[in-house]
Amino acid sequence: MLDDMFDYLQGIRQRPVWQPIPDTARAAFRSPMPAQGSTLADVHQQFKQNILPYTIGNIHPGFFGWVQGGGTPVGMLAEMLAAGLNANCGGRDQIPIEVERQLVRWMADLFEFPSDATGLFLTGSSMANMIAVLVARYRALGREVRTHGVPPKRQLVAYASAGAHGCIAQAMDLAGLGSANLRKIPMNAQFQMDTMALETAITADRQAGLQPFFVAATVGTVDVGAIDELPVVAAIAERNGLWFHVDGAYGALAMLAPELKPLLDGIELADSIACDFHKWGQVPYDAGFILVRDGTAHLDTFATRDTYLRRDVRGMAANSPWPTDFGPDLSRGFRALKTWFTFQVFGAERIGQVINETCVLARYLSERVQAQPELELLAPVALNIVCFRYRSEGDVDAFNAALVADLQESGIAAPSVTTVRGHLAIRVAIVNHRTGRQDIDALLDAVLNLGARRLNLLTTESA
Ligand SMILES: *Cc1c(COP(=O)(O)O)cnc(C)c1O
């Protein structure tokens with residue numbers, strides 16, 4: 001099984017990025033629960049036939065849809081070891097907890113946080129952003145909020161750019177604060193949060209008797225990869241007593257690349273940072289992470305004292321506080337191990353190089369787009385995301401949406417779509433360490449060929 005998987009990974013460029021799923025494959029997953037087992041070889045055969053060919057394709061070097069990581073064989077092997085150990089990383093006195101703590105310290109060092117900062121592995125940044133909102137809510141309202149909820153007439157209000165990820169609004173919803181109480185601040189020409197508008201909004205909310213408590217800056221927005229002006233947002237948060245959170249889901253690890261690190265100046269001022277190892281960090285899914293400056297507030301937000309989770313100074317119940325004291329999960333897998341293996345085997349510098357290389361490729365793509373009269377760049381390229389469109393007559397949005405579907409079905413290259421200032425864009429996010437210039441060239445050739453074909457179709461239809 002391992003050999004098969006290595007062969008598959010090695011030959012991945014020769015396969016289609018994605019392919020439509022035949023009915024027979026889908027039908028295989030409509031069968032009832034088997035009363036009797038089959039041989040492992042049989043089930044593996046089913047895996048190869050009906051599962052392996054029909055994933056979204058994010059390990060493929062031609063995958064550019066959404067910000068998804070490529071994973072590595074090292075991460076895959078570490079995941080196998082973790083499954084073999086079957087460690088439950090909720091807590092207790094075991095070395096897997098120390099591995100996670102080491103990652104927390106590495107992250108605290110990377111972001112120049114104090115040594116008593118706390119952190120936790122989670123499924124992803126959606127959860128990490130929610131943890132940040134919950135700790136900030138605790139700081140704003142105190143211990144009472146955990147038992148009695150938000151008191152009447154204390155309406156907490158949060159702020160993020162209009163380009164922020166939807167999970168910030170969802171975090172407000174899940175925290176019982178209401179997604180409508182996230183103010184979506186307009187963006188400037190660089191797609192960064194307009195910091196003047198931020199201050200105006202905070203002042204207006206305060207005058208209306210509301211309680212501003214939290215601002216999330218984004219490092220690497222999902223649509224265009226923009227980075228908010230962290231020092232300015234930090235200063236506004238400081239002046240107004242707000243929790244300063246950074247959603248660095250994919251972008252925060254740019255700290256590992258010396259060429260990109262200066263773009264993140266000010267991140268060291270954050271109260272908390274959400275960050276995914278499963279995107280730019282190339283760790284297999286899932287490996288999200290939250291880092292919190294004030295470890296006491298983090299602990300006080302989640303710790304409970306249930307007797308079955310009793311702590312001790314010796315025996316297996318020692319080594320408190322435990323990861324379960326810093327988040328909502330009790331049973332948790334050993335996500336830290338694949339992350340630890342990735343850093344140990346490749347080293348921080350190599351991961352930083354891979355991250356920088358994706359940005360070099362993005363600049364290469366944007367130059368080629370600007371050199372093509374058929375194409376139009378729709379947003380400046382800050383990091384690794386390029387948004388452009390094919391020029392056409394008539395309904396340009398519909399044309400480009402169809403072109404992206406053509407591309408995905410071709411199996412050659414798979415970008416996704418997004419909306420940039422009201423225009424539908426072909427969005428190319430370069431995240432995978434396997435992607436090289438040849439893949440960018442193949443993407444562009446396919447865009448131009450399929451675009452020209454679609455344009456012809458249009459003109460013959462209207463003729
Ligand atoms: C991916 C992403 C998220 C969501 O993270 P998940 O790991 O998918 O939960 C949040 N914010 C930004 C900016 C992202 O890129």
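Counting restarts for each chain: residues are numbered from 1 in the order of the written sequence. Note on the predicted model: pLDDT of at least 70 is required for a residue's local features to be given, and 80 or more for side-chain atom pairs to be given and counted; whole-chain, interface and lining totals, by contrast, use all residues. Excluded from the side-chain calculations are hydrogens and water; all other atoms, namely the structure's heavy atoms, are used.

## Focus: the overall build of the protein chain
Short version of the rule: For the purposes of this entry, the term helix denotes a DSSP run of H or I that reaches at least four residues, the term strand denotes a run of E that reaches at least two, and both are numbered from the N terminus. Here the radius of gyration uses the C-alpha set of atoms, whereas the globule reference equals 2.2 Å times the residue count to the power 0.38. With a 1.4 Å probe rolled over the protein chains alone, any residue whose accessible area is under 20% of its type maximum counts as buried; one over 50% counts as exposed, and the rest are partly exposed.
A tally of regular secondary structure across the protein chain gives 14 helices and 11 strands. Here the protein chain has a C-alpha radius of gyration of 24 Å; the compact-globule value for 463 residues is 23 Å, and the two agree. Structurally, the protein chain occupies a C-alpha span of about 75 × 65 × 45 Å along its principal axes. Expressed as a percentage of the 463 residues in the protein chain, the buried residues total 51%.

## Things to note about the packing of aromatic side chains
We count it as follows: Stacked, tilted and edge-to-face pairs are distinguished by plane angle, under 30 degrees for stacked and over 60 for edge-to-face with tilted covering the rest, among Phe, Tyr and Trp rings (Trp via its six-membered ring) whose centres lie within 6.5 Å.
Scanning the entire structure with this criterion turns up 10 aromatic pairs. Judged by centre distance (5.3 Å) and plane angle (70 degrees), the ring pair of Phe121 and Phe289 falls under edge-to-face. Of the two residues, Phe121 sits in strand E1 (residues 118-122) while Phe289 sits in strand E7 (residues 288-292), which places them 168 residues apart along the sequence. The exposure classification of Phe121 matches that of Phe289, with both residues buried.

## A word on the environment of Tyr285
Just so we agree on the cut-off: Should any heavy atoms of two residues lie within 4.5 Å, those residues are considered in contact. Polar contact criterion, stated in full: a pair of N or O atoms within 3.5 Å, where within protein one must be able to donate a hydrogen and the other to accept it, and residues adjacent in sequence count only if both atoms are side-chain atoms.
Within the fold, Tyr285 resides in the loop between strand E6 (272-276) and E7. Separated by 161 residues in sequence, Tyr285 and Gly124 have C-alpha atoms that sit 8.7 Å apart. Ignoring anything within four residues of it in the chain, the contact list for Tyr285 reads Asn58, Val67, Gln68, Gly69, Glu79, His278 and Lys338. Polar side-chain contacts of Tyr285 include one of 3.3 Å to the backbone nitrogen of Gly69.

## Quick look at unusual backbone geometry
Across the junction of Tyr285 and Asp286, the peptide omega takes the value -10 degrees, indicating a cis bond. In this structure, Asp286 sits in the loop between E6 and E7. Residue Pro321 is bonded to the preceding Ser320 through a cis peptide linkage, with omega at 0 degrees. Residue position: Pro321 is located in the loop between helix H11 (295-302) and helix H12 (335-371). The phi torsion at Arg92 lies on the positive side, around 80 degrees, for a residue other than glycine.

## Digging into the pairing of strand E3 (residues 182-185)
Convention followed: When DSSP locates at least two bridges between a pair of strands, those strands are taken to pair. Crossovers are marked right-handed if the path from the first strand over the helix to the second runs clockwise, as seen with the strands pointing away from the viewer.
Relative to E3, strand E2 (residues 156-161) runs parallel, the two sharing four bridges. Its bridge partner being in E3, Ala160 is matched across the sheet by Lys184. Once the chain exits E2 it traverses helix H8 (residues 166-174) before rejoining the sheet at E3, and the crossover so formed is right-handed.

## Details of the nonpolar core
Burial of nonpolar side chains together is a common tendency in soluble globular proteins. Heads up, the rule is: Buried Ala, Val, Leu, Ile, Met, Phe, Trp, Tyr and Cys residues that are joined via side-chain atoms within 4.5 Å together make up what is termed a nonpolar core.
Of all hydrophobic cores here, the largest spans 72 residues; its most connected members are Phe111, Phe244, Ile267 and Phe277. Per element, the largest residue contribution to this core is seven residues, and it comes from helix H5 (residues 95-110). Beyond its immediate sequence surroundings of up to four residues, Ile267 is in contact with Phe111, Phe113, Val219, Leu230, Val246, Ala252, Met255 and Ile273. Formed by 33 residues, the second largest nonpolar core is a distinct cluster that contains Leu134, Ala169, Ala297 and Phe302.

## So, the layout of surface pockets
Any empty space left between the atoms is revealed when a probe the size of a water molecule rolls over them. Rules: Two kinds of site are reported from a 1 Å grid over the protein atoms alone, namely cavities, where a 1.4 Å probe fits but cannot get out, and pockets, open sets with protein on both sides within 12 Å along at least five of seven lines, and residues are called lining when an atom falls within 4 Å of a point. Grid points are joined across faces, edges and corners, and a volume is the space filled by probe spheres set on the points. Note on residue classes: Ala, Val, Leu, Ile, Met, Phe, Trp, Tyr, Cys and Pro are nonpolar, Asp, Glu, Lys and Arg are charged, and everything else, Gly too, is polar.
If you add up the space inside the largest pocket, you get close to 690 Å³. Listing elements by their share of the lining of the largest pocket, those giving two or more residues are helix H1 (2-10), helix H3 (40-51) and helix H4 (73-85). A per-class count over the lining of the largest pocket returns 14 nonpolar, 10 polar and two charged. For the second largest pocket, the calculated volume is near 270 Å³.

## Focus on the UniProt feature "modified residue: N6-(pyridoxal phosphate)lysine" (unreviewed entry) in the protein chain
Heads up, the condition is: UniProt positions are given in the numbering used here, feature names are shortened, and annotations may be inferred rather than shown by experiment.
Under the feature "modified residue: N6-(pyridoxal phosphate)lysine" (unreviewed entry), the UniProt entry names Lys279. Note on placement: Lys279 falls in the loop between E6 and E7. Lys279 gets classed as buried once you look at its relative accessible area, which sits at 14%. Filtering out sequence-adjacent residues up to four positions away, Lys279 remains in contact with Val67, Gly69, Ala249, Tyr250 and Val431.

## Overview of the sheet that holds E7
This is how the line gets drawn: Helix axes are fitted only over the stretch in contact, all axes being lines through C-alpha atoms; the angle between N-to-C directions runs from 0 to 180 degrees.
Taken together, the seven strands give an open sheet; going across it, the order is E1-E7-E6-E5-E4-E2-E3, and neighbouring strands pair in mixed fashion. Edge strands, defined here as strands with exactly one partner in the open sheet, are E1 and E3. Averaged over all pairs of adjacent strands, the angle between their axes in this sheet comes to 20 degrees, without regard to strand direction. Running at roughly 150 degrees to strand E4 (residues 211-218), helix H6 (residues 125-141) makes contact with E1, E2, E4, strand E5 (243-247), E6 and E7 of the sheet.

## Some words on the site of the ligand
The line we're drawing: Here a residue is near a molecule or strand as soon as one of its heavy atoms is found within 4 Å of it. Surface exposure here means Shrake-Rupley accessible area, sampled with a 1.4 Å probe, where a residue is shielded only by the protein chains that are shown.
By nearness alone, 13 residues border the ligand, and Ser125, Ser126, Asp247, Asp276 and Lys279 come closest of all. Between the ligand and Lys279, the relevant distance is 3.0 Å, taken from an oxygen atom to a side-chain nitrogen or oxygen of the residue. For the ligand, whose unbound accessible area comes to 380 Å², protein coverage reaches 85%. Looking at the shell around the ligand residue by residue, the classes come out as four nonpolar, six polar and three charged.

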